[in-house]
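The residues making up each chain are set out below.
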Amino acid sequence: MARKLAVIGAGLMGSGIAQVSAQAGWDVVLRDVTDAALTRGTDGIKSSFDRFVAKGKLSPEDAGAALGRITTTTDLEGAADADIVVEAVFEQLDVKHEIFRTLDKLVREDTVLASNTSAIPITKIAAVTERPERVVGAHFFSPVPMMQLCELVRGYKTSDETLARTREFAESTGKTCIVVNRDVAGFVTTRLISALVVEAAKLYESGVATAEDIDLACKLGFGHAMGPLTTADLTGVDILLHATQNIYTESQDEKFAPPELMRRMVDAGDLGRKSGEGFYSY
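Residues numbered from 1 in each chain as written. Predicted model: local features only at pLDDT ≥ 70, side-chain atom pairs only at ≥ 80, totals over all residues. Heavy atoms only, no water.

Draft legend 1. Just the pattern of salt bridges, in detail. Tallying each qualifying case throughout the model produces 15 salt bridges. Between Asp267 and Arg264 there is a salt bridge, with its nearest N and O atoms 3.0 Å apart. Pair noted here: Asp267 and Arg264 are both in helix H11 (residues 260-268), with a separation of three residues, about one helical turn. Of the residues examined, Arg264 reaches a relative accessible area of 47% and is grouped as partly exposed. Each of Asp83, Arg108 and Asp110 takes part in salt bridges that share partners, so that together they form one network. (Salt bridge = Lys/Arg side-chain N within 4 Å of Asp/Glu carboxyl O. Helix = DSSP H or I, 4+ residues; strand = E, 2+ residues; numbered from the N terminus. Buried < 20%, exposed > 50% of the residue type's maximum accessible area, 1.4 Å probe, protein only.)

Take a look at the structure:
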């Protein structure tokens, strides 16, 4: 029996989730608000498949079959018959609320509604639906085709069945899951990286050490694949600023208060790799 997934948002995360799911045999409908956004998303998926084929990690036939399982739409109605919906839009609660309110009325009663949020409490997202027990966090990592982890988050009312079905879905795409049992802002992974990035940025801001040396300390001293300031540049300084502010607002824990340097960088448009300038120049 074909399993159907709807992914809301065709950006880097949404298109990545669509890609790994289609490759795993799911029928995927990818939805975004404009055709241009959908074209960018599907072009990214094609390029990614091409790289896997070139490296011999995927046959051209399998890549073609996976692409054939992805359809696109600008209409949320496309999610109506999905077994699972994964929302992967901008990290703003009002944007997510609008989508979840609409999905709640559209999809089947047994459909799981998952959010790929990295910092917003699932309970807050679920509150606008009539089915909070069927709302769950499914936080994938970027780039989705390469990263092994999926962080599953229980909202205050998420049922065991919803969590189990979401785990089954994530594992079917080749991911290893961790479970966040209490719905704290930032969950496990965003809290850890935010605390590290904030402290690294403060050390850099106050002239304690260079960005290179701070990153080198984490790589060679702790075995991290990438230092925190390089991670900030890769993720987007604006994205991490937004995440740390969310966690700080929720928790009032000073260690998540972003340093002034990060605010000024975002004001100046130094967002990391995507702008060509961040803690490093690209």
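Structure's up, so let's keep going.
Draft legend 2. Layout of the pairing of strand E7 (residues 149-154). Where burial is concerned, most of E7 is hidden: five out of the six residues are buried. Taken together, E7, helix H6 (residues 160-172) and strand E8 (residues 176-180) form a β-α-β motif whose crossover is right-handed. (Right-handed = clockwise from strand over helix to strand, strands pointing away.)

Draft legend 3. Structural detail: the sheet that holds E8. Strand order in this open sheet of eight strands is E3-E2-E1-E4-E5-E6-E7-E8, and the pairing throughout is mixed. Each edge of the sheet is formed by a strand with only one pairing partner; in this case those strands are strand E3 (70-73) and E8. Looking at each pair of strands side by side, their axes are set apart by 25° on average, direction ignored. Pairing of strand E1 (residues 4-8) with strand E2 (residues 27-31) involves five bridges; the strand directions are parallel. Of the residues in E2, the one forming a bridge with Leu5 is Val28. Across the sheet, helix H4 (residues 93-106) touches E1, strand E4 (84-87), strand E5 (112-115) and strand E6 (135-140), and the angle it forms with E5 is around 170°. (Pairing = 2+ DSSP bridges. Axes fitted to C-alpha atoms, helices over the stretch in contact; angles between N-to-C directions. Contact = heavy atoms within 4.5 Å.)

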